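# Summary of the model geometry
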Amino acid sequence: MGKFSRDKGKRAERDFVNLCKKCGFEKVHRTAQFCGKTGEAGDVEGLANIHVECKHVERLNLREAMEQSERDATANGGNDIPLVAHKKNGKPWLVTLSAEDFLYIYGRSDLAE
C-alpha cells in the first residue's frame, strides 16, 4: 500500500473519530495512536463491544470489508460486533453491520418498543 493510501486511511479514521466525538462518544480514538497496528484491532476503538473498520474509497467491496471486520472482531477469542464505517468523497459516513447485530443493538436501546 502506498503512502497516499495510508495517509487517506489515517484521515478517514480521524474523521470518523471526530464524528463519534461530536455525537458524544468522547472515549473514541484511532487504534494506531494508542497501540500501533496489530492487524487484529479495529481502526477505531472506544465504542463498547464494537469492532470498527474504516474505509474511505469510491468503490468499496462491502462484503470483503465486512469479512475483514468479522474476522478481526473474533480474533483471539474476541466477541465484538463487526462494523464497517465507510464513505465516499464529499458524502456522509455510512455504517454497515449485519441485520442480526443491528436488531440486537436496537433491541437493547431505549428506542425499542
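Heads up: these notes are all about the structure in this document.

So, on to the overall build of the chain. Helix and strand content of the chain: four helices and five strands. Reading the chain from its N terminus to its C terminus gives the helix and strand order α-β-α-β-β-α-β-β-α. Evaluated residue by residue, the chain yields a buried proportion of 31% over its 113 residues. The long-range fraction of contacts in the chain, counting pairs at least 24 apart against all pairs at least 6 apart in sequence, stands at 43%.

Turning our eyes to something else, we now look at the pattern of salt bridges. Summed over all chains, the structure comprises one salt bridge. We note a salt bridge from glutamate 13 to arginine 30, for which the minimum N-O separation is 2.8 Å. On the criterion of sequence distance, the pair formed by glutamate 13 in helix H1 (residues 3-22) and arginine 30 in strand E1 (residues 29-30) is long-range, its members being 17 residues apart. When sorted by exposure, glutamate 13 lands in the same class as arginine 30, which is buried.

Two measures describe an aromatic ring pair: the distance that separates the ring centres and the angle between the ring planes. Counted under the stated rule, the structure contains two aromatic pairs. On the basis of an interplanar angle of 65° and a centroid distance of 5.1 Å, the ring pair of phenylalanine 16 and tryptophan 93 is categorised as edge-to-face. Remark: tryptophan 93 occurs in the loop between strand E4 (81-87) and strand E5 (94-96) and phenylalanine 16 occurs in helix H1; sequence separation between them is 77 residues. Judged on exposure class, the residue phenylalanine 16 and its partner tryptophan 93 are both buried. Ring centres of phenylalanine 102 and tyrosine 106 lie 5.9 Å apart, and the angle between their planes is 20°; on these two criteria the pair is classed as stacked. Of the two residues, phenylalanine 102 and tyrosine 106 are both situated in helix H4 (residues 99-108); the distance of four residues between them amounts to about one turn of the helix. Classification of phenylalanine 102 by relative accessible area gives partly exposed; the value is 44%. The class for tyrosine 106 is partly exposed, based on a relative accessible area of 37%.

Let us now look at the pairing of E4. On a regular strand, each side chain points to the face opposite its neighbour's, so the side chains alternate between the two faces of the sheet. Counted residue by residue, E4 has seven buried out of seven residues, so it is predominantly covered. Residue alternation in E4 divides its side chains into two sets, Ile81, Leu83, Ala85 and Lys87 and Pro82, Val84 and His86, and both sets are buried. In terms of handedness, the path from strand E3 (residues 50-56) via helix H3 (residues 62-73) over to E4 forms a crossover that is right-handed. Here three bridges tie E4 to E5, and the two strands are oriented antiparallel to one another.

Rules behind the numbers
Each chain carries its own residue numbering, running from 1 in the written order of its sequence. With the structure being a predicted model, the display of local features is reserved for residues of pLDDT at least 70 and the display and counting of side-chain atom pairs for 80 or more, all residues being used for whole-chain, interface and lining totals. Hydrogen atoms and water are omitted, and side-chain values are computed over all heavy atoms in the structure. Working definition: helices are DSSP H or I runs of at least four residues, strands are E runs of at least two. Numbering for both runs from the N terminus. The classification of residues rests on relative accessible area computed with a 1.4 Å probe and restricted to protein chains. Under 20% of the type maximum is buried, over 50% is exposed, and intermediate values are partly exposed. Residues are treated as being in contact if the distance between any of their heavy atoms lies within 4.5 Å. Any carboxyl oxygen of Asp or Glu that lies within 4 Å of a side-chain nitrogen of Lys or Arg is treated as forming a salt bridge with it. Two rings from Phe, Tyr or Trp (for Trp, the six-membered ring) form a pair when their centres are within 6.5 Å of each other. A pair whose planes differ by under 30 degrees is stacked, one over 60 is edge-to-face, and the rest are tilted. By convention, a crossover is right-handed whenever its connection, traced from the first strand over the helix to the second and viewed with the strands pointing away, goes clockwise. The pairing criterion is simple: DSSP has to find at least two bridges between the two strands.

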